[in-house]
Amino acid sequence: RINDKIKTMKQTAIWIVAGILIASCSTETYEFDQNDGQRVQASFTSKIATRVVNNLWEEGDEVGIFMSKHGEELSDETLVDFSFNRKYLASPDGHLSPASELDKLYYPQIGSVNFVAYYPFANVEDYQVKLDVSNQSDLAAIDFIYSNNLSDIGVSSESQNLVFDHQLSKVVFEFSLAEDMTDVSLDGALLTFSNVVDKGTFDLATGTLVSGTSVRDIVANLSVSASLKVEAIMIPQPCDEVEVLLVLPSGHSYRYDFEEAHEW
């Protein structure tokens, strides 16, 4: 009788394990072939709609890419094949290549996907990217761009074209000397934006940007030639309180106030 009970217990245990295995394999929407030789790797080209540096990539620019289930908002639950913030490197011709073997993206055999991408590459928490334009010394490094044009993409051997859009504001000033200032040098000029919001947060899942609340003064990056050209990347915001002050090495100073209701 003891042996019969042991046999019965063993049979019950076997049926329980079998039931678990069957349940785990049922109706999976997104399937992957575990044989690397059969998996189809996603490949990407890219286009930048607007950007500071000639609308072109610089060699080695780092791009973050997410792959998620089509028809659902980007989240931990909708990621496909753990495709969270994979790093790709850009070349000037627009081709994007994975930074490492672990960054490669592969299509699922069944089911279509969406791709979301952004630049510059950053640590992403809760699908939020923190933006900071307080340092204007390298505009390309703070020129945040975003792509979500690729949706409902099935397995394909063709390259997918990510189209990136500029999410921040480009502010340009150009100054020239008056006729009575021929002896004034523009070298060493200083231009400061006062009372500007310098931080924000971009939500990769919804494609929305939220400006911060703190304000500060930001010193612009200047380029001196025959004239003085100023380019800056700013968080989109109203300019009601923003002031611009240009100070030349000679001591001449000029203040600019934006028109009422002007916004970046």
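Residues numbered from 1 in each chain as written. Predicted model: local features only at pLDDT ≥ 70, side-chain atom pairs only at ≥ 80, totals over all residues. Heavy atoms only, no water.

Explain the overall build of the protein to me, using residue names and the numbers behind them.
From N to C terminus, the protein includes one helix and 17 strands. Put simply, the protein has 264 residues, and 39% of those count as buried. Residue pairs in contact within the protein that sit at least 24 positions apart in sequence constitute 70% of those at least 6 positions apart. Counting only carbon and sulfur atoms, one obtains 49% of the accessible surface of the protein, whose full area is about 15200 Å². (Helix = DSSP H or I, 4+ residues; strand = E, 2+ residues; numbered from the N terminus. Buried < 20%, exposed > 50% of the residue type's maximum accessible area, 1.4 Å probe, protein only. Contact = heavy atoms within 4.5 Å. Areas by Shrake-Rupley, 256 points an atom, 1.4 Å probe, with all protein chains shown as cover.)

Before we move on, could you go through the side chain of S83 and cite the residues and values that matter?
Here S83 is to be found in the loop between strand 2 (62–69) and strand 3 (86–90). From its side chain, S83 meets the backbone oxygen of V80 in a polar contact 2.5 Å long. With near-sequence residues (within four places) excluded, S83 lies in contact with I65, F66, M67 and L105. (Polar contact = N/O pair within 3.5 Å; in protein donor to acceptor, adjacent residues only side chain to side chain.)

Let's hear about unusual backbone geometry: which residues, and what values?
Between Y119 and the following residue, P120, the backbone shows a cis peptide bond with an omega angle of 0 degrees. Positive phi outside glycine occurs at D126, with the angle close to 55 degrees. Mapping D126 onto the fold places it in the loop between strand 5 (113–119) and strand 6 (128–132). Positioned with a positive phi, Y127 is a non-glycine residue whose angle comes to about 65 degrees. Along the chain, Y127 turns up in the loop between strand 5 and strand 6.

Break down the nonpolar core for me, citing the residues and quoting the values.
Taken as a class, soluble globular proteins show a tendency for nonpolar side chains to be buried jointly. Core analysis: the largest hydrophobic core is formed by 42 residues, its most contacted members being F66, F144, F193, L204 and W264. Among the elements of the structure, strand 5, strand 6, strand 9 (169–175), strand 10 (190–197), strand 15 (228–234) and strand 16 (243–247) are those that each provide at least two residues to this core. Counting residues per element, this core draws most heavily on strand 15, at five residues. Discounting residues that sit within four places of it in the chain, F144 has contacts with Y118, Y119, P120, V129, L131, D165, H166, Q167, L168, F202 and L204. Grouped together as the second largest cluster of nonpolar side chains are 23 residues, I65, L105, V113 and I145 included. (Core = buried A, V, L, I, M, F, W, Y, C linked by side-chain atoms within 4.5 Å.)

Quick rundown of the environment of I145? Include the residues and the values.
Note on placement: I145 falls in strand 7 (residues 145–153). Between the C-alpha atoms of I145 and D165, which are 20 residues apart in sequence, the distance is 5.3 Å.

Report on the packing of aromatic side chains, specifying residues and quantitative values.
For the structure on display, the rule yields 20 aromatic pairs. Note on Y107 and F115: the rings are 6.2 Å apart at their centroids and 80 degrees apart in plane angle, and the pair reads as edge-to-face. In this structure, Y107 and F115 share a single accessibility class: buried. Summarising the aromatic geometry, the rings of Y256 and F258 are spaced 5.3 Å apart at their centres and angled 90 degrees between planes, so their arrangement reads as edge-to-face. The class for Y256 is partly exposed, based on a relative accessible area of 38%. For R39, the ring lying beneath its charged end belongs to Y106, and the centroid distance is 4.2 Å. (Phe/Tyr/Trp six-rings, centres within 6.5 Å; stacked < 30°, edge-to-face > 60°. Lys NZ or Arg CZ within 6 Å of the ring centre and 35° of its normal.)

Requested: an account of the sheet that holds strand 13 (residues 215–219), with residues and values cited.
In space, the four strands of this open sheet follow the order 13-10-16-17, with antiparallel pairing throughout. What marks the edges here is a single partner per strand, and that holds for strand 13 and strand 17 (253–257). Taking the axes of each pair of neighbouring strands and ignoring which way they run, one obtains an average angle of 20 degrees across the sheet. (Pairing = 2+ DSSP bridges. Axes fitted to C-alpha atoms, helices over the stretch in contact; angles between N-to-C directions.)

Tell me about the side chain of K104, and name the residues and values.
In this structure, K104 sits in the loop between strand 4 (96–98) and strand 5. A polar side-chain atom of K104 sits 2.9 Å from a polar atom in the side chain of E101. Not counting chain neighbours up to four residues away, the residues in contact with K104 comprise Q41, R86, Y88 and P98.

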